2 protein chains.
Amino acid sequence: MNVAVVTVGDELLTGDTVNTNAAWLCGQLTARGVAVERVTTIPDDVADIARVVNEYRAEHDAVIVTGGLGPTHDDVTMAGVAAAVGRNLEPHEEAREWLTGEGGYSAEGLVDGTTELPARARMLPNTEGVAPGAVVEGIYVLPGVPSEMKAMFEGIADEFHGTATFTTVVDVDEPESELVDRLAEVQTRYDVTVGSYPGESVRVKFTATDESVLEEAAAWLASRVDLIEEE
Amino acid sequence: MNVAVVTVGDELLTGDTVNTNAAWLCGQLTARGVAVERVTTIPDDVADIARVVNEYRAEHDAVIVTGGLGPTHDDVTMAGVAAAVGRNLEPHEEAREWLTGEGGYSAEGLVDGTTELPARARMLPNTEGVAPGAVVEGIYVLPGVPSEMKAMFEGIADEFHGTATFTTVVDVDEPESELVDRLAEVQTRYDVTVGSYPGESVRVKFTATDESVLEEAAAWLASRVDLIEEE
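Residues numbered from 1 in each chain as written. Chains lettered and ligands numbered in written order. Predicted model: local features only at pLDDT ≥ 70, side-chain atom pairs only at ≥ 80, totals over all residues. Heavy atoms only, no water.

1. Some words on the pairing of strand S8 (residues 139-142) of chain A
Residues and elements named next belong to chain A. Applied cut-off: Relative accessibility thresholds used throughout: buried, under 20% of the residue-type maximum; exposed, over 50%; partly exposed, between the two (1.4 Å probe, protein chains only). The numbering of helices and of strands both runs from the N terminus, where a helix is a DSSP run of H or I of at least 4 residues and a strand a run of E of at least 2. For two strands to count as paired, DSSP must find a minimum of two bridges between them.
Covered by surrounding structure in S8 are Ile139 and Val141 together with Tyr140 and Leu142, the residues of both alternating faces. When strand S3 (residues 62-66) meets S8, the two strands line up parallel, connected through four bridges. If you follow Val65 over to S8, its bridge partner there is Val141. In textbook terms, the turn of a hairpin is the stretch between consecutive antiparallel strands, and for strand S7 (residues 133-136) and S8 this stretch comprises two residues, one of which, Glu137, has a positive phi near 50°.

Below is the structure:
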C-alpha cells in the first residue's frame, strides 16, 4: 500500500508552522509498512486542493489530507476534496447527530459549514474538537490541529497496512565520501535499501522485508567500517 | 515572484526527520515578499525528482530543491534535475576548482560524482560542506544538511524578491466558530488576507501590502472581539 499526504495551510507555506503533522503521519504509516510517496503542502485554496488531491488519488492507493477543516472562511478543504471527486458538499446527517449527541454541542450553536461533507462520504468523528473528518473514494480528510488529527488517525489506523519492513542503523565514523564503494557493495550483496545521512557521524540506515537479511547486511558493513564507539 | 520548494529524501517520507528545512526556507522567502505555493517532499529517486521539478518549473517563477546532494548512491538529486531540463550531468570545472582551491580538498580525494552538475549550470559553492549546489533554468539546487543549505541560500537570497507584505496578529479569546461573521466582514471591508488558527486562543493573522490598511483592519476586529488579556 502506498499513500500521499497532503497538508493544507497558508501558515505552513509562510514558515509560521513547522510541519510536524506530516512527520507524525509518515512515522505512523511507515511503522505499518505503508510507503509514503509524496508529502505536499498547498494553500487554503479550493482549486489547488481539488487539483492536487485529484492527481494524487489517481496515483496512490490512498490520500491523507490534513488541515483546513472548520467553520471559518479559510477552512476550504472539504470543498476542495468534494470538487476533486465531483460531488457536492452537503449537510451530513450523521455528523450532525454525532456532534449534538456524543459531541455535546447544541444544534443551534453549530455553524452550518461544520457539518457539511462531500455527498455520501463516511464521517470520521472528532473526539478532540468540533470539525468532523471524512473518507471518500480513498481520500481521508483529517483536521490540522495535531491532537485532533492524531486521535482521528488512530481511529482509522487499521485501514492502513502494507508489507512489514525492518530497519537498523549503523553509525559510521568515516567521511561519507570514503564509504561510497562499500555502500554500493552491500546493496549489491543483500536485498536491502540503504540510506546514508551525514551529520557528526554518518548514519547508515538499512531497510529490508527479511529481518535476517537485514542483520546480515548490517553486520557485513559494520565489520568493514570504523564504527562510532559507544560510550 | 512565486516559488515551489521541493525537499528530497526518504528520511523525510518515513518520518525519521521533521522537515525544518522547508519551514526555514518558507520563512526566508515570505520575509522577502515571495509567495511559496508548494512544498513537496519526494523520494531519492531520479524519475520522481525529474517529473516533479519539471512540472513545478513550468508553473512557478523558481523552484528550490534541497537534499540528495553528495557522493553516495542515494544522492541522485543532480541527476534528477539534469533529467528535468534535458541536460547531461557533467564534471563541472568551476566546482572542481573551487573545491580544490578555496574548499581545500585534494583533487585525488574528490569522488567523481561530487563535482558533476547539469551541463552549463551555475555552480553554487558550499562553504559548510563538500557537495556544491547549482542553478539551472530557474531551478536552485541546495544541500539537505541544514547548515549547508542555509549558508548557500544566504549567498543567493538577493535573487528572491517580491511585493513586500506586512502581517499582524490579533489573539482572540472566543471560540473560532463564533468569529465566522466578523472574520468574513473584516475581509470584505479591507484589502487584507485573514487566516484564523485555533489553539488555546484563536490566532487571527492579517496580511496586507499596505501597512496602514493592515492596522485599520486589525483595529476594526480587535474592537469587536474578546481579546486575550496580556499578562
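2. Quick look at the relation of the copies chain B and chain A
Basically, it comes down to this: To superpose the copies, least squares is applied to the C-alpha atoms of every residue with a pLDDT of at least 70 in both. In what follows, a contact means two residues having at least one pair of non-hydrogen atoms within 4.5 Å.
With an RMSD of 0.0 Å, the fit of chain B onto chain A corresponds to turning through 180° and sliding 0.0 Å along the axis. In symmetry terms, the pair is related by a two-fold rotation axis. Every residue of chain B has its C-alpha some distance from the rotation axis, and the shortest such distance is that of Thr40 of chain B, at 2.1 Å. When the interface residues of chain B are mapped onto chain A, 100% of them again lie at the interface, so the same face is used by both copies.

3. What to know about the sheet that holds strand S9 (residues 166-172) of chain A
All names here are of chain A. Threshold: Between N-to-C directions, angles cover 0 to 180 degrees, with each direction set by a line fitted to C-alpha atoms, over the stretch in contact for helices.
One open sheet holds the three strands; their spatial order is S9-S11-S10, and the pairing between them is antiparallel. Lying at the two open borders of the sheet, with one neighbouring strand each, are S9 and strand S10 (193-198). Averaged over all pairs of adjacent strands, the angle between strand axes in this sheet comes to 20°, irrespective of strand direction. One ladder, built from six bridges, connects S10 with strand S11 (residues 202-208); its direction is antiparallel. By the bridge assignment, Pro198 is partnered in S11 with Val202.

4. With respect to the domain arrangement of chain A
Let me state the cut-off plainly: Where a domain begins and ends is set by an automatic assignment or by a domain database.
Annotation of chain A at the domain level lists domain 1 (2-159) and domain 2 (166-222). Taking only C-alpha atoms into account, the centre of domain 1 of chain A sits 37 Å from that of domain 2 of chain A.

5. With respect to the side chain of Asp75 of chain A
Threshold: The charged-residue count follows a simple rule in which Lys and Arg add positive charge and Asp and Glu add negative charge, with His and chain termini not counted at all. A side-chain nitrogen of Lys or Arg and a carboxyl oxygen of Asp or Glu constitute a salt bridge if their distance falls within 4 Å. Think of a polar contact as two N or O atoms within 3.5 Å of one another; within protein, one of them needs to be a possible hydrogen donor and the other a possible acceptor, and neighboring residues in sequence only count if both atoms come from side chains.
Of note, Asp75 of chain A is situated in the loop between S3 and helix H4 (77-84). Buried charged residue Asp75 of chain A carries no salt bridge. Nearest counter-charge: Arg203 of chain B, at 14 Å. A distance of 2.8 Å separates the side chain of Asp75 of chain A from the side chain of Thr72 of chain A, its partner in a polar contact. Excluding residues within four positions of it along the chain, Asp75 of chain A makes contact with Gly68, Leu69 and Gly70 of chain A together with Glu176 of chain B.

6. Describing helix H2 (residues 20-31) of chain B
The criterion, for reference: An expected span of 1.5 Å times one less than the residue number is assigned to each helix.
Spanning twelve residues, H2 of chain B covers 17 Å between terminal C-alpha atoms, matching the ideal 16 Å at 1.5 Å per step. As for H2 of chain B, its buried residues are in contact with helix H1 (10-13) of chain A together with strand S1 (2-8), strand S2 (35-42), strand S3 (62-66) and helix H6 (146-156) of chain B. The first or second residue beyond H2 of chain B is Gly33 of chain B, which carries a positive phi of 80°.

7. Digging into the environment of Arg51 of chain A
By the secondary structure assignment, Arg51 of chain A is in helix H3 (residues 46-59). What makes Arg51 of chain A partly exposed here is its relative accessible area of 38%. Apart from residues no more than four positions distant in its own chain, Arg51 of chain A is found in contact with Arg38, Glu55 and Glu59 of chain B.

8. Structural notes on the sheet that holds strand S9 (residues 166-172) of chain B
Residue and element names in this part refer to chain B. Ordered by their spatial adjacency, three strands build an open sheet running S9-S11-S10, and the pairing between neighbours is antiparallel. Bordering the open sheet on either side are S9 and strand S10 (193-198), each of which pairs with just one other strand. Direction aside, neighbouring strands of the sheet carry axes that sit 20° apart on average. Inspection of the sheet shows S9 paired to strand S11 (residues 202-208) by seven bridges, in the antiparallel sense. Opposite Thr167, over in S11, you have Thr207 as the bridge partner. Sitting on the sheet, helix H7 (residues 180-189) touches S10 and S11, and the angle it makes with S10 is about 160°. Relative to the sheet, helix H8 (residues 211-222) contacts S9 and S11, its axis offset from that of S9 by approximately 5°.

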